[in-house]
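Understanding the architecture of this molecule
Each chain is listed here by its residues.
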Amino acid sequence: MRGKLDLDEQPLVLIWEVTQACELACKHCRADAQPRRHPDELSTAEGKALLDQAREFGDGQLVVLSGGDPLAREDLPELIDYGTEQGLRMTLTPSGTNSLTRDRLAELDDAGLRRLALSIDGGDSESHDTFRGESGSFEATMEAAEAARDLDIPLQINTTVCAETVEQLPAIRDLVADLDAVLWSVFFLVPVGRGRVLTPIDPDRAERVLSWLHEVSEEASFGLKTTEAPHYRRVAIQNQDEGASGLKRRMGIRAGKGFAFVSHTGEVFPSGFLPKSAGSVREESVVDIYRESSLFQQLRDDDALTGKCGACRYRTVCGGSRSRAYATTGDPLAADPLCDYQPDGFEGSVPDQHPAD
Ligand code: SF4
């Protein structure tokens, strides 16, 4: 499916943050999650209207229900069932809490859930729970992973890469394999929300991690993708020594170009880590916002990029993290400060990784 998508027309992934409510207080939470649901969250009827819109992107549109903790919404099975009836591929990123029981997973499975994505940020309970700020989170996550396996729900593992977690990556890779996950999604920290308290790795370390991930991907039983590190594609191409034809075959998925994010109150952002609204689904269709808003169109224009990303031969397949550029400079078209690559002939400066205020 991915190779056939026209990213000007349809995102590969549409994420809906169904709530910001969550029992956990993870150090890195993008959403600044709160214990209670927001009174202005999209209602069940508004959520179904959003799913009706999503169907207009095309058959089999992938929808990720995220949070907060989506399980904080009692209408979650109803929303999954409704989306599935519309022909959408409904997936879920719940928090690792005790509310993620086998019975609830079975209920979501019956409703049509296509994939479960769980977060693992440490190779054992001590490192994971310290990072998540909740004792018992690792155990709850492992139990949910076992239940997903028993129910034949494909499992995805999400991991945050920052200075606090980077040494854990080999142990987490082993867990991903042991759990029979289908995909390891490796997210490189963007300093938004509570993530500002964490420490990003530096560009040199990022380069080595990306090369290591590429080696892992060549041997692993699971798929591997990065989030907010599109230069993984540049590293993969360089490591495979591909020529220009290889570059053309790969699609550059990034915020606003293959990604769209709907907040708990219906605002449409290019990604959850680029909180710049292009409109509200309460006023216009997410399809129109994705295809026609100036913000999304600008983010899809590889020639609009500035700094070294604008000068880079890999900008079509990579283009850098637009979210990190926005978080660190206030300009979503600026260079990604996490990238170590120096394009031929480029002599300008590169922003550092401190958040812009
Ligand atoms: S300079 Fe920008 S476009 Fe080029 S590889 Fe790095 S992040 Fe990607």
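What comes next concerns the included structure. Everything quoted here is computed from the prediction, not taken from an experiment.

What follows is about the site of the ligand. What surrounds the ligand is the set Arg234, Lys308, Cys309, Cys312, Arg315, Cys318, Gly319, Gly320 and Cys339. The pocket occupied by the ligand, as judged from atoms lying within 2 Å of grid points, is the largest cavity. The residue makeup of the shell around the ligand, split by class, is four nonpolar, two polar and three charged.

With that settled, the discussion passes to the packing of aromatic side chains. On inspection of all chains with the given rule, the structure shows seven aromatic pairs. Their ring planes at 20 degrees and their centres at 4.5 Å tell us that Phe187 and Phe273 sit as a pair that is stacked. Of this pair, Phe187 sits in strand S6 (residues 183–188) while Phe273 sits in the loop between strand S10 (268–269) and helix H10 (286–292), and the two are 86 residues apart along the sequence. Each member of the aromatic cluster is reached from another via a ring pair, and the members are Phe57, Tyr290 and Phe296. The cationic tip of Arg300 hangs over the ring face of Tyr290; the distance from NZ or CZ to the ring centre is 4.6 Å.

Taken residue by residue, helix H3 (residues 102–111) has Leu105, Leu108 and Ala111 as its buried positions. Down the axis of H3, the sector holding all buried residues measures 115 degrees, keeping them to one side. For H3, exposure combined with an orientation more than 90 degrees from the buried face picks out Asp103 and Asp110. In this structure, the buried residues of H3 make contact with helix H2 (76–85), strand S3 (89–92), strand S4 (115–119) and helix H5 (137–150).

Within this structure, the stated rule accounts for 19 salt bridges. The partner of Glu46 in a salt bridge is Arg282, and the shortest N-O contact between them spans 2.9 Å. Placement of Glu46 in helix H1 (residues 44–55) and of Arg282 in the loop between S10 and H10 is noted, with a sequence separation of 236 residues between them. The salt bridge partner of Lys48 is Glu78, with a shortest N-O separation of 2.7 Å. Taken together, the residues Lys48 in helix H1 and Glu78 in helix H2 connect sequence positions 30 residues apart. The class of Lys48 is partly exposed, set by a relative accessible area of 21%. Under the relative-accessibility criterion, Glu78 is labelled partly exposed at 39%. Several salt bridges converge on common partners, so that one network encompasses Asp40, Glu46 and Arg282.

Definitions and limits used
Residues numbered from 1 in each chain as written. Predicted model: local features only at pLDDT ≥ 70, side-chain atom pairs only at ≥ 80, totals over all residues. Heavy atoms only, no water. Near = heavy atom within 4 Å. 1 Å grid on protein atoms, 1.4 Å probe; cavity = no way out; pocket = protein on both sides within 12 Å on 5 of 7 lines; lining within 4 Å. Sits in = over half its atoms within 2 Å of the grid points. Nonpolar A, V, L, I, M, F, W, Y, C, P; charged D, E, K, R; others polar. Phe/Tyr/Trp six-rings, centres within 6.5 Å; stacked < 30°, edge-to-face > 60°. Helix = DSSP H or I, 4+ residues; strand = E, 2+ residues; numbered from the N terminus. Lys NZ or Arg CZ within 6 Å of the ring centre and 35° of its normal. Buried < 20%, exposed > 50% of the residue type's maximum accessible area, 1.4 Å probe, protein only. Arc of directions from axis to C-beta. Contact = heavy atoms within 4.5 Å. Salt bridge = Lys/Arg side-chain N within 4 Å of Asp/Glu carboxyl O.

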